Amino acid sequence: MNSKQKEILMRKRYSAEKRFKFFGIFSISLAILFLCILLFNIFTSGLSAFFKTKLILKINFDEKKLGINMNTPDEAIKASNFNEILQDALLNLDLLAPDLKKIELIDIVSIDATYELKRFYLQNKDQLNKIVEISLTLSDDLDQLYKGNFPRDIPEDRRRFSDFQLKVFDEQNSQNKIITEFNFSFFKNADSREPELAGIGASLIGSLLTILVCLILSFPIGFLAAIYLEEFAPKNKITEIIEINVNNLAAVPSIVFGLLGLGVFLNYFYLPRSTPLVGGLVLALMTLPRIIIPCRAALKAVSPSIREGALALGASKVQAVMHNVVPLALPGTLSGTIIGLSQALGETAPLILIGMVAFINVVPTYPIDPSAVLPVQVYLWSESAERGFVEKTSATIIILIFFLVLMNSSAIYLRNKFEKKWS
Amino acid sequence: MNLTIIILILIFSLSCFFFGKTKVSNKIKISRGKLNSLPKYYGYYLAAWCGLPALLILILWTFSELYFVKFIILSDFKADPTIDENKLNLIFTEIVSIAEKKFSGQIPQNLIPYAERFLSLKYIFELSKLAVIFSTILFSIFFSYEQILKNIKAKESVEKIIKSVMFCCAAIAIFTTFGIVLSLLFESIKFFTVVPIFDFLSGTNWSPGRAFIRDASTEIADVENVFGAVPLFWGTFFIAAIAMCVAIPIGLFSGIYMAEYASRKVRKIVKPLIEVLAGIPTVVYGFFAALTVGPFFRTLGEIIGLEVSSESALAAGIVMGVMIIPYVSSLTDDVINAVPLSLREGSFSLGATKSETTKKVILPAALPGIVGAILLAVSRAVGETMIVVMAAGLGASLTINPLEASTTITTQIVTILVGEQSFDDPKTQAAFALGITLFFFTLIINIIALQTVKKFREQYE
């Protein structure tokens, strides 16, 4: 082999080296690129859901048409009909509208608009018999149009609003009668068939209750189990079986836990269906091994000298563990628990199986009320055909991711703050 | 109701604690002159004896109450040979819903007395629950008080109690596994009495919707032919394979780069960033696959003249693969880091480049660990639910075209069990049969994977 051949060989080897390194960088960039595309996609399509489009309308609170006066009690006002003054105001937008088009004019605003009027009036009773400018929620189709989520230059029969509605909308827009404001109702309302009214209030509370049930059950049990396995368990068959079980349960597909919940908790114990109680129970069983494993690691990380010191001073084994080891391991176990719970928060499949996919339009207050949870809400809305639900789904995902980031960063913070290096 | 009882038990326990800590220990001190434990242990001892038995009874009672109520109420119907177990369950559900005033439709008159009986039975059970629990509390307080006065070593007893409570917590893992296996087996066995297990595992036609046809002449024939799970196994395998085609190369190279090439600084940023992929809820991936990736492939296919259905195995598989990348990359990274430095140094000293060392020395040494990592990732892919439910489609077919819709075991479980279901329906039981297949399949992969990783660790530690 002469020097020329050697040089060629070397060059080949170096280029192979470069190629190999490039593959590594390429793979990592690809993975991160996927992540960026995913997040970018969700955020761009979801941000608009935090705002809603409203129409400023001149409403005449006419005593006669409402059938109420200054002294009418609140109950009677709630029962009275505000539809007529709303329709009058809407028809005033285009006085020349032919009869057939009138219904389209009325459909410009959301079906919630009369209730908005009612709520406004209940707070401003002095406005009776006055003409007031009030902003009312637009129907979701025009809302989507205004936000640019729906193209306007497609044939009339392929969109959900008519040319006439579009014309009226543009007129109002040119008069600056269309405004956007922050969508508070998205956080307050429960689910609804109307995209402009649907909110995540119910599923937010439902998720909170479910995670609370899960935390109350899984943290103490998981922590005590970890202490037992790490500190007290004798080396025998039973301990070995428990350890194998814990490790395997951590890798069992989550849907199997859903089947367990359905087959045992619902079918056998008759626990109430679709409730945070059962959801929390199922998630607690699922999270348990995922809490035990990091808790054991945290206990293991405490230096043996701590135990030995306590034992040497005459403490019993239980005292040494409870008074000396556990307080030192606690921050580590907490961060493990938070990560376990954040996985439970994003879990969908087992909750679908125990019936948490039901359409819930009231905000739950107790763990035994039927409720939805955030990830299931994402699933439900993504299955729905209405265009307005797409941005709602993305917005729900943003909220979900916000909570996950919050939980995970607090876990990381806890770990970094209290991590002790035993030398 | 139960909450009130729990709070009452806690209040009792707390007062027992203080009673034991001050009064009882003082009394012993006066009578014997010396305590053999700190006063607080007397308190703990009394409190534990007061609270634990009562809580245990409360839990057992609450869970078994309805079972007994059901047994008593249905004893009248059991004499009738025409009513089988499934029908009994149905009758009981009706009685409960009548009693709770949730029954929709015409209320069957003959069940109304039973509904009244159900309510009165429930009332009696609640009352007797209270009585039993509070007599238990009194009895156990009395018993433990007597024990304490006999100069029992309070500290040792308390520690024994603590240890046994901990053991029970650890044993819940065993109970969970038992619960899973039993609940799945119980329904699956019912299913396999209707559909032979061989037909289920080797049949190629999956259309459980047709099992609903309750025509007396065709029912049995139908049930036999519609529960062939092979298309589901194929779909699961197919989508998992597509996912692994994405996850293995990207995950492996990322892991190798992070372990061998990346500087400490880069690694500290990149590793958590990739792990974020595993932290995103699967429903988010499902939404992304169904709404962005699926339509993207569809338009791409239209441009090059291929017919791509908007729910395709390809879209679901690729997105699932992205989700699995961190499972492969992080474990690969760990495993490669566990390979001793001496192997690397030996190779370098012979003049090998870094990539040659990695390919010819490190990877063979780390192979068992990497195989374990990949197997764990496969088990994730097989058990993954939301992505395939939302993006892979529902039609069961034996296709090898990744551009067509395909369905998996998990998708079918969700589709069958979503909404109301009755447990006497072979369709519902089929879902449990699929569940147990999935459980055992993933269990076997997991055991193999955990064993290989463990063996690898032992080799170098």
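Residue positions within a chain follow its written sequence, with the count starting from 1. Throughout, the order in which chains and ligands are written sets their labels, letters from A for the former and numbers from 1 for the latter. This being a predicted model, a pLDDT of at least 70 is required before a residue's local features are given, and a value of 80 or more before pairs of side-chain atoms are given or counted; all residues contribute to the totals for chains, interfaces and linings. The side-chain figures draw on all heavy atoms in the structure; neither hydrogens nor water molecules are used.

Description of the interface of chain B and chain A
Should any heavy atoms of two residues lie within 4.5 Å, those residues are considered in contact. Residue-level contacts link 86 residues of chain B with 76 residues of chain A. Buried surface area refers to the total accessible area, computed with a probe of radius 1.4 Å, that the two partners give up upon joining, counted for both partners together. Buried area between chain B and chain A, summed over both chains or domains, comes out near 7,000 Å², and the portion from carbon and sulfur atoms is 78%. Taken as a group, B:F63, B:M166 and B:F287 account for 10% of the area that chain B buries against chain A, more than any other trio of residues on that side. Every case where a carboxyl oxygen of Asp or Glu lies within 4 Å of a side-chain nitrogen of Lys or Arg is listed as a salt bridge. In this structure, the connection of chain B to chain A is made through one salt bridge. Note that A:R13 is salt-bridged to B:E356, the shortest N-O span being 2.8 Å. Every helix listed is a DSSP run of H or I at least four residues long, and every strand listed is a run of E at least two residues long, numbered separately from the N terminus. Element by element, the count of residues in the side of chain B that touches chain A is highest for helix 5 (residues 154-194) of chain B, at 20 residues.

Comments concerning the packing of aromatic side chains
Given two aromatic rings, their pairing is described by the distance between the two centres and the angle made by the two planes. The aromatic pairing rule takes the rings of Phe, Tyr and Trp, using the six-membered ring of Trp, and pairs them if the centres are within 6.5 Å, calling planes under 30 degrees apart stacked, those over 60 edge-to-face and the rest tilted. Throughout the structure, instances matching the rule amount to 37 aromatic pairs over all chains. When the centroid spacing of 5.7 Å and the interplanar angle of 40° are considered together, the rings of B:W234 and B:F237 count as tilted. With B:W234 and B:F237 both in helix 8 (residues 230-261) and three residues apart, the pair spans about one turn of that helix. Three or more aromatic residues joined by ring pairs form one cluster here, namely A:F20, A:F22, A:F23, A:F26, B:F253, B:Y257 and B:Y261. Lysine and arginine charges are scored as sitting over a ring when NZ or CZ, respectively, is within 6 Å of the ring centre and within 35 degrees of the ring normal. Between the NZ or CZ atom of A:R193 and the centre of the ring of A:F359, over which it lies, the distance is 3.8 Å. The ring of B:Y261 is capped by B:K354, whose NZ or CZ atom sits 5.3 Å from the centre of that ring.

Thoughts on the domain arrangement of chain B
All names here are of chain B. A domain assignment, automatic or from a database, supplies the domain bounds used here. Each assigned domain of chain B is listed here: domain 1 (2-156), domain 2 (197-226) and domain 3 (230-460). Counting residues at the interface gives 10 residues for domain 2, matched by 15 residues for domain 3. On inspection of domain 2 and its partner domain 3, the count reaches zero salt bridges. Pairing of N or O atoms within 3.5 Å defines a polar contact, subject to two protein rules: one partner must be a possible hydrogen donor and the other a possible acceptor, and residues neighboring in sequence count only if both atoms are side-chain atoms. For the interface between domain 2 and domain 3, the tally reads two residue pairs in polar contact (both at pLDDT 80 or more). Note that Gly is not counted as nonpolar here; it falls among the polar residues with everything else outside the nonpolar set of Ala, Val, Leu, Ile, Met, Phe, Trp, Tyr, Cys and Pro and the charged set of Asp, Glu, Lys and Arg. For the side of domain 2 that touches domain 3, the per-class residue count stands at five nonpolar, four polar and one charged.

Focus on empty space enclosed by the protein
Residue and element names in this part refer to chain A. Grid points spaced at 1 Å over the protein atoms alone were grouped into cavities, where a 1.4 Å probe fits but cannot get out, and pockets, open sets with protein on both sides within 12 Å along at least five of seven lines, with lining residues defined by an atom within 4 Å of a point. Grid points are joined across faces, edges and corners, and a volume is the space filled by probe spheres set on the points. In total, this model carries five cavities of 30 Å³ or more according to the counting rule given. Space inside the largest cavity adds up to approximately 60 Å³. Forming the boundary of the largest cavity are 13 residues, of which D143, K147, E196, E391 and K392 lie nearest the centre. For the lining of the largest cavity, the secondary-structure elements that each account for two or more residues are strand 1 (51-60), helix 7 (140-146) and helix 18 (388-418). Residues of the lining of the largest cavity, tallied by class, amount to three nonpolar, three polar and seven charged.

Describing the environment of A:A190
Residues and elements named next belong to chain A. Mapped onto the fold, A190 is located in the loop between helix 9 (185-188) and helix 10 (201-232). Exposure categories follow from relative accessible area, calculated using a 1.4 Å probe and restricted to protein chains: below 20% of the type maximum is buried, above 50% is exposed, and the middle band is partly exposed. Of the residues examined, A190 reaches a relative accessible area of 10% and is grouped as buried. In the structure, A190 is positioned 15 residues away from I205 in sequence and 9.9 Å away in space, judged by C-alpha atoms. Beyond its immediate stretch of four places on either side in the chain, A190 contacts L197, A198, G199, A202, I360, N361, V362 and V363.

A word on the domain arrangement of chain A
Residues and elements named next belong to chain A. Looking at chain A, the domain boundaries give domain 1 (48-183) and domain 2 (201-418). Each of domain 1 and domain 2 was reduced to a C-alpha centroid, and the two centroids are 46 Å apart. At the junction of the two partners, domain 1 supplies 11 residues and domain 2 supplies eight residues. Summing both partners gives a buried area of about 750 Å² for domain 1 against domain 2, and 52% of it is carried by carbon and sulfur. Sorting the residues of domain 1 by area buried against domain 2 places A49, F50 and Q144 first, and these three jointly supply 53% of that buried surface. K147 is paired through a salt bridge with E391; the nearest N and O atoms lie 3.0 Å apart. One can count four residue pairs in polar contact (both at pLDDT 80 or more) joining domain 1 with domain 2.

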